[in-house]
Amino acid sequence: MTTGKVSVALTLQWGSATNVGFVRSQNQDAFLAAAPVFVVADGLGGHAAGEIASRLAVEAFAPLAYRSEVTRADVVRAVTDAHARILAHAEADPTTAHMGTTVSGVAVVWFGEAMHWLAFNVGDSRVYRVEADRLMQVTVDHSEVQQLIDSGRLAAEDAETHPRRNVVTRALGISRDPTPDCWVFPADAGERLLICTDGLTKELRDDEILAALAEATAPVAAEQLVAAALDHGGRDNVTVVVIDALPTSQTSQETSEADDRTGPPVPAPQS
Ligand code: CA
């Protein structure tokens, strides 16, 4: 008998979708989907300020887009850079004072030949791992309701109806220390990840999210998720990024022709 280890090359396929919803006049969400980095940001602040903050956050990740390799330090630096850009903008333009944003995402990192996911978040935008019949939340929200759950004062099932469910406890541009929390785990063939703003999770239960994700390619699943959030009321901006890790042998013509594989245009890096 022999044993061994084979490192399998995985190919990423992804899709993304965003919608302003039916209540808000502006879409203050922003996203970047450009392997090896995938990010969503949910802007906070009145008027156009939230929109600016989330855009600045996403732009700080643009230098990592399409790079062959990124590290945890690169991701943390991008988050820190985003925070600094937002503060600098708010100082230069007082109409945007106190703006902020969540940021949450996934980067592909390597340990030797082993591909891993690095999930990270500041605020209450989330990263999920999709398993056959379960949605596993990877990130832990920085929110008042999460603190109440952690201290045993609120049941998790009551969080989405709590009056202070929208209050985040860590945000870029607002918190003194906006360090992201990070989780690293091996990437497996056939795995699917979901990154989303709370416009998705406040409209849909886990089983409804799973239903929208079922048996679709990543670009189709992303569109289906946003459509489902709108069907349920679309009371907030909603943004999703869906990422599949496919065995390279499975990346047939059918999947490689997906319409959203390269994501939206990548914002130009700023000096
Ligand atoms: Ca939101």
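Cut-offs and rules
- Residues numbered from 1 in each chain as written.
- Predicted model: local features only at pLDDT ≥ 70, side-chain atom pairs only at ≥ 80, totals over all residues.
- Heavy atoms only, no water.
- Helix = DSSP H or I, 4+ residues; strand = E, 2+ residues; numbered from the N terminus.
- Contact = heavy atoms within 4.5 Å.
- Phe/Tyr/Trp six-rings, centres within 6.5 Å; stacked < 30°, edge-to-face > 60°.
- Buried < 20%, exposed > 50% of the residue type's maximum accessible area, 1.4 Å probe, protein only.

Engineer: Mind laying out the environment of N166, listing which residues take part and the relevant values?
Structural biologist: Considering the arrangement of structural elements, one finds N166 in the loop between α3 (144-150) and β9 (181-186). Ignoring anything within four residues of it in the chain, the contact list for N166 reads D198 and K202.

Engineer: So what's going on with the packing of aromatic side chains? Residues and values would help.
Structural biologist: For the structure shown, the criterion picks out two aromatic pairs. Here W14 and F38 contribute two aromatic rings whose centre-to-centre distance is 5.2 Å and whose plane-to-plane angle is 70 degrees, an arrangement assigned as edge-to-face. Here the residue W14 occupies a position in strand β1 (residues 10-19), and F38 occupies one in strand β3 (residues 37-44), the gap between them amounting to 24 residues. The same class applies to W14 as to F38, namely buried.

Engineer: Provide a residue-level description of the environment of V241, including the pertinent values.
Structural biologist: Assignment of secondary structure puts V241 in strand β11 (residues 238-247). Counting along the chain gives 46 residues from V241 to I195, while the straight-line C-alpha distance between them is 5.1 Å. Among all residues touching V241, those that are not within four sequence positions of it are G15, S16, F31, A33, F38, V40, L193, L194 and I195.

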